[in-house]
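The residues making up each chain are set out below.
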Amino acid sequence: MGRRVLITGLGTFWGGRLAQALEADPGVDVIIGLDRLEPTVKLERTEYVRSDENYSILNRIVKATKVDTVVHTFLVVDSTQMAGRLLHEINVIGTMNLFAAASAPGSTVRDVVVKSSALVYGASTQDPVWCREDFRRKSPARTRVERSLLEVEGYVRDFAIDNPHVMVSLLRFSNVIGKDIATPLTKALELPLVPSVLGFDPRFQFVHEDDVLRAILFVLDQEVPGIFNVAGDGLLPWSEVAKICGKRTVALPFAGASLATAPLRRLGVDLPPELIDLLKYGRGIDNRRLKQAGFRYDHTSAGAVEEFCQSVRLRRTVGPEPIYHYDEEVETFFRRSPAVVRDQPTVS
Amino acid sequence: MGRSMGIASEAMAGTPETDDRRSPSRADGGVTERRQAAIGNPAALVPVALPPLAEEDAPLPDPRRSDVDEWGRSQHMRELAHRLYQPIYDSWFRVEWEGLDKIPAHGGALIVANHAGAVPSDAPAIMHGIETEVGRPVYALADHIFKGMPVVGTLWARNGGVVAHPDNAYRLLREQGQLTLVFPEGSKGPAKTYAERYRLRRFGRGGFVEIAMRAGVPIIPIAVVGAEESMPIMFKIPALAKAIGVPYFPVTANMLAFGPVLGTLLHFPAKFKLRVLDPVGFDDVPPDQPRYSRSRIMDESEAIRQRIQESLFDMLQQRRSVWSG
């Protein structure tokens, strides 16, 4: 009997990609994806279930489908995507409902992987250069996204304590960069002049989007419980990041930097307060624990940035890749209609 | 087994150790060893003991464009700073070392010294001296307040300044075997007024001894004469310090002589003498312990403080003039 996997946030970048990767795995029998938005990637056998943002439907799904693995990728770490209220609903209330369902009597859930973020460490002057997994931040979490992620991790921890038979892995990702993902940082790096904070040149760490996916699949496959930082090797100054991208930096004033970002918002680059802190103080997370567990990265921090830059150059010439549009009727036709001949060898 | 998982399995294929780990399959309903470990310690999601990190097989492509290391130090920047500072070192402070051969040529060591002068002039002198004469980089642990200052913080980091955090110190000393400088008096040293010169303050809570024990490195004490007179504090304005959020706000003789701006930058040309004392080793205690005896730490800390204090008095007895030594 193979795995039955529930992915939260199927419509997100990670959920979709993870579902694609799991579809290729014969050891996975069932993939169910939950989201409030439709998937944005082409999926063959993943079942998409629309839910509201706080997953009130979840209890029923877990019971009905008897999933044994939950991958929680729905956590919002980019606070520019939505209003704070919604972010709280999705992150905190959604996680609460997820774990309530997973710990209900008779639950079949045995593995849980949560995709969190290095944002939980914050960025302040007092932090060590490298934060280990057991690092406890001294600076209070001031932004909504940081507070919500800390609350989420609290729920994860409680769940792990209350359900010792469940293997819980919590992954904290550094700044993700790559060909396809769009974050405030990648948008900033695509501007003609890269914004920085006057007088600060902090050291940044990146993780390549493929390494993120590989890390999630790794903990799923190897069943390593615990908290793991996921980030590429090396720290490089923000000015060097810009240099790798062939750009110069333009300095925002260090006092009232959040005011100065208002014109940037017009350009589609919103630098939230947690990123202003990062642009002042930087953050390094120690990635050795996941390496000890046996994971090997494919990209260093600088390597990830360079690959991002090359893909931007390509996109500028040949245009963006076409976006996949999910159409419920079409999907149902391909999956359910007796007219479709299944199990035929794929044409190579 | 048959549970290969797409991309991840490619990276995993191989080592017998990984095979071993994946063999207890979920399907048999058994609880794996790892899971058992997790149950053993419910308080943490972090319970599993993992094998030591194996050597990386092949280095990944790492297209760096600058030589700024993980601590923010840049060798280029240091060399530029050496060229700029050399005349000050030679002609202004006329720095004279004694026992520089006690600084080890390899391996980590924690250098501790007395700290003085409103804007301390001892740190650059010690770092410049060791870097140019011993030829090893020196990282200086300092208060995190510098990191928050625009421009200053960046320059400080490029020149080897690191936030004084036990994790940073351990990594520098134990894992990277670097020379690391720390002033155990902290800001209490430079905050003394001229009337209290060369009287060492409390050496914090002895944290530097604990770090050296944990990292398994010796402590090398240095006594510095001259920094006190290079920028003496006449009096302090606590209200102003509180208002702008700095540990102390000094009014120095330099400010009275050169004005408020130049006075914070320009030191008086006091003669600098530095004496390296015999290293203190902690070979009898094993490194990497979670805790060390508090009384031992405090005793060692006090003994080192005493030795620096006595050397200072000895050097001051022999000093004929503040300016010519």
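Residues numbered from 1 in each chain as written. Chains lettered and ligands numbered in written order. Predicted model: local features only at pLDDT ≥ 70, side-chain atom pairs only at ≥ 80, totals over all residues.

**Some details on the overall build of chain A**
We count it as follows: The way it works is that DSSP assigns letters per residue, a run of H or I at least four long becomes a helix, a run of E at least two long becomes a strand, and they are numbered from the N terminus. Exposure classification rests on a simple neighbour count of other C-beta atoms within 10 Å of a residue's own: a residue reaching 20 or more is buried, one at 12 or fewer is exposed, and one in between is partly exposed. C-beta atoms are placed from the backbone. Whether two residues are in contact is decided by their C-beta atoms, placed from the backbone, lying within 7 Å.
Tallying secondary structure elements over chain A gives 13 helices and 13 strands in all. The buried share among the 348 residues of chain A stands at 53%. Within chain A, contacts between residues at least 6 apart in sequence are counted, and of these 81% link residues at least 24 apart.

**Observations regarding the overall build of chain B**
Helices and strands together make up the secondary structure of chain B, namely 13 helices and nine strands. In chain B, buried positions account for 37% of the 325 residues. Partitioning the contacts of chain B with sequence separation of at least 6, the portion at a separation of at least 24 is 72%.

**Structural notes on the sheet that holds strand β4 (residues 161-163) of chain B**
The pairing of strands in a sheet comes from backbone hydrogen bonds and takes either a parallel or an antiparallel form. All names here are of chain B. Under the convention used in this document: Strands were regarded as paired on the criterion that DSSP finds at least two bridges between them. Geometry is summarised by axes, namely lines fitted to C-alpha atoms with helices restricted to the contacting stretch, and by angles between N-to-C directions that run from 0 to 180 degrees.
An order of β1-β9-β6-β2-β5-β3-β4 is seen for the seven strands of this open sheet, with the pairing classed as mixed. Where the open sheet ends on each side, the last strands, each with one partner, are β1 (96-98) and β4. Each strand axis lies, on average, 25° off the axis of its neighbour in the sheet, ignoring direction. Packing of helix α5 (residues 122-133) onto the sheet brings it into contact with β1, β2 (109-113), β3 (138-142), β5 (179-182), β6 (219-225) and β9 (273-276), and relative to β3 it is tilted by some 160°. Where helix α8 (residues 207-215) meets the sheet, its contacts fall on β2, β5 and β6, and the angle it forms with β2 comes to roughly 165°.

**Comments concerning helix α3 (residues 84-102) of chain A**
Worth spelling out the cut-off: Each residue after the first adds 1.5 Å to the expected span of a helix. Axes are fitted to the seven residues ending at a residue and to the seven starting at it; the angle between these axes is taken as the bend at that residue.
With 19 residues, α3 of chain A should cover 27 Å at 1.5 Å per step; its first-to-last C-alpha distance of 26 Å lies within 8% of that length. Its maximal kink placed at G94 of chain A, α3 of chain A deviates by approximately 30°.

**Digging into helix α4 (residues 144-162) of chain A**
All names here are of chain A. Rule in force here: Starting at the helix axis, one direction is taken to each C-beta atom, and the arc is that of these directions.
Look at α4: 27 Å from first C-alpha to last across 19 residues, which is about the 27 Å you get at 1.5 Å a residue. Here α4 has its buried residues at V145, E146, S148, L149, V152, E153, V156, F159 and A160. An end-on view of α4 places all buried positions within 160° of arc, on one side of the element. Packing partners of the buried residues in α4 comprise α3, β5 (111-117), β6 (167-173) and α10 (273-281).

**Here's the deal with the packing of helix α4 (residues 75-92) of chain B against α5 of chain B**
Residue and element names in this part refer to chain B. Note the cut-off: If an angle is under 35 degrees, it is roughly parallel; if it is over 145, roughly antiparallel; if it lies from 65 to 115, roughly perpendicular; otherwise it is oblique. In this scheme the handedness of a crossing depends on how the near helix is turned from the far one: anticlockwise by less than a right angle means left-handed, clockwise means right-handed. Under the grouping applied here, Gly and all other residues not named as nonpolar or charged are polar, the nonpolar ones being Ala, Val, Leu, Ile, Met, Phe, Trp, Tyr, Cys and Pro and the charged ones Asp, Glu, Lys and Arg.
Relative orientation of the contacting elements α4 and α5 amounts to 110°, with a least axis distance of 10 Å. Here α4 lies roughly perpendicular to α5, going by the angle between them. Pair α4 / α5 crosses with left-handed handedness. On α5, the residues that touch R78, H82, Y85 and Y89 of α4 are P124, A125, H128, E131 and T132. Split into classes, the residues belonging to the contact of α4 with α5 amount to four nonpolar, three polar and two charged.

**Points about the environment of E185 of chain B**
Residues and elements named next belong to chain B. As for its placement among the helices and strands, E185 is situated in the loop between β5 and α8. It is 25 Å that separates the C-alpha atoms of E185 and D288, two residues lying 103 residues apart in sequence. Residues in contact with E185, not counting those within four places in the same chain, are N114, H115, L200, R201 and F203.

**Here we look at the pairing of β3 of chain B**
Residue and element names in this part refer to chain B. Here is the rule we go by: By convention, a crossover is right-handed whenever its connection, traced from the first strand over the helix to the second and viewed with the strands pointing away, goes clockwise.
The element β3 is extensively covered by neighbouring structure, given that five of its five residues are classed as buried. The pairing of β3 with β5 spans three bridges and is classified as parallel. When the sheet's bridge partners are listed, A140 is paired in β5 with L181. In this region the chain leaves β3, passes through helix α6 (residues 152-158) and returns to the parallel neighbour β4; the handedness of that crossover is right-handed.

**Thoughts on the sheet that holds β6 of chain A**
All names here are of chain A. An order of β3-β2-β1-β4-β5-β6-β11 is seen for the seven strands of this open sheet, with the pairing classed as parallel. Of all strands in the sheet, those bounded by a partner on one side alone are β3 (47-50) and β11 (226-230). When strand polarity is set aside, the average angle formed by the axes of neighbouring strands in this sheet is 20°. Pairing geometry for strand β4 (residues 69-72) and β5, over four bridges, is parallel.

**Focus: the nonpolar core**
One broad trend across soluble globular proteins is that nonpolar side chains are buried collectively. Heads up, the condition is: In these notes, a nonpolar core means any group of buried Ala, Val, Leu, Ile, Met, Phe, Trp, Tyr and Cys residues linked to one another through C-beta atoms within 7 Å.
L171 and I216 of chain A together with L110, L181, A212 and I222 of chain B are the most contacted members of the largest nonpolar core, which has 164 residues in total. Dropping the residues within four chain positions of it, L181 of chain B is found in contact with I111, A123, I126, M127, V138, Y139, A140 and L141 of chain B.

**Thoughts on the pairing of β6 of chain A**
Two faces, one strand: in a regular strand the side chains alternate between the faces of the sheet. All names here are of chain A. With seven of its seven residues buried, β6 lies for the most part within the structure. Taking every second residue as pointing to the same face, both faces of β6 are buried, with M167, S169, L171 and F173 on one and V168, L170 and R172 on the other. As paired elements, β5 and β6 share seven bridges and run parallel to each other. Its bridge partner being in β6, S116 is matched across the sheet by R172. Taken together, β5, α4 and β6 form a β-α-β motif whose crossover is right-handed. Alignment of β6 against β11, held across five bridges, turns out to be parallel. Following the sheet pairing, S169 is matched in β11 by G226.

**Concerning the packing of α3 of chain A against α4 of chain A**
Describing two packed helices takes the angle between their axes plus the distance from one axis to the other. Residue and element names in this part refer to chain A. Look at α3 against α4: their axes get within 9 Å of each other, and the N-to-C directions meet at 5°. Between α3 and α4, the angle is such that the two are roughly parallel. Residue-level contacts link G84, L87, H88, N91, V92, T95, M96, F99 and A102 of α3 to R144, V145, S148, L149, E151, V152, Y155 and F159 of α4. Residue composition of the contact of α3 with α4, grouped by class: 10 nonpolar, five polar and two charged.

**Describing the environment of I111 of chain B**
All names here are of chain B. Looking at where I111 falls in the secondary structure, it is placed in strand β2. A count of 25 C-beta atoms within 10 Å places I111 in the buried class. In this structure I111 touches L179, T180, L181, I220 and I222, once residues within four positions along its chain are discounted.

**Comments concerning the confidence of the model for chain B**
Residues and elements named next belong to chain B. Note the cut-off: pLDDT: the predictor's confidence for each residue, scored from 0 to 100.
Across chain B, the average pLDDT comes to 85, with 83% of residues at or above 70. Note on residues 1-31: pLDDT is under 50 here. Beyond four places in sequence and across chains, it has 43 contacts. In the predicted structure, residues 34-43 sits below a pLDDT of 50 and forms 19 contacts with residues beyond four places in sequence or in another chain.

**A closer look at the environment of L213 of chain A**
Residue and element names in this part refer to chain A. For L213, the location among the structural elements is in helix α6 (residues 209-222). Look at L213 and you get buried, because 21 C-beta atoms sit within 10 Å. Linking L213 and W14, residues 199 residues apart in sequence, is a C-alpha distance of 7.4 Å.

**Considerations on unusual backbone geometry**
Residue and element names in this part refer to chain B. Despite not being glycine, R94 shows a phi value in the positive range, around 45°. Mapped onto the elements, R94 comes out in the loop between α4 and β1. Note on R94: 17 C-beta atoms within 10 Å, which makes it partly exposed. Although it is not a glycine, Y198 adopts a positive phi angle of roughly 60°.

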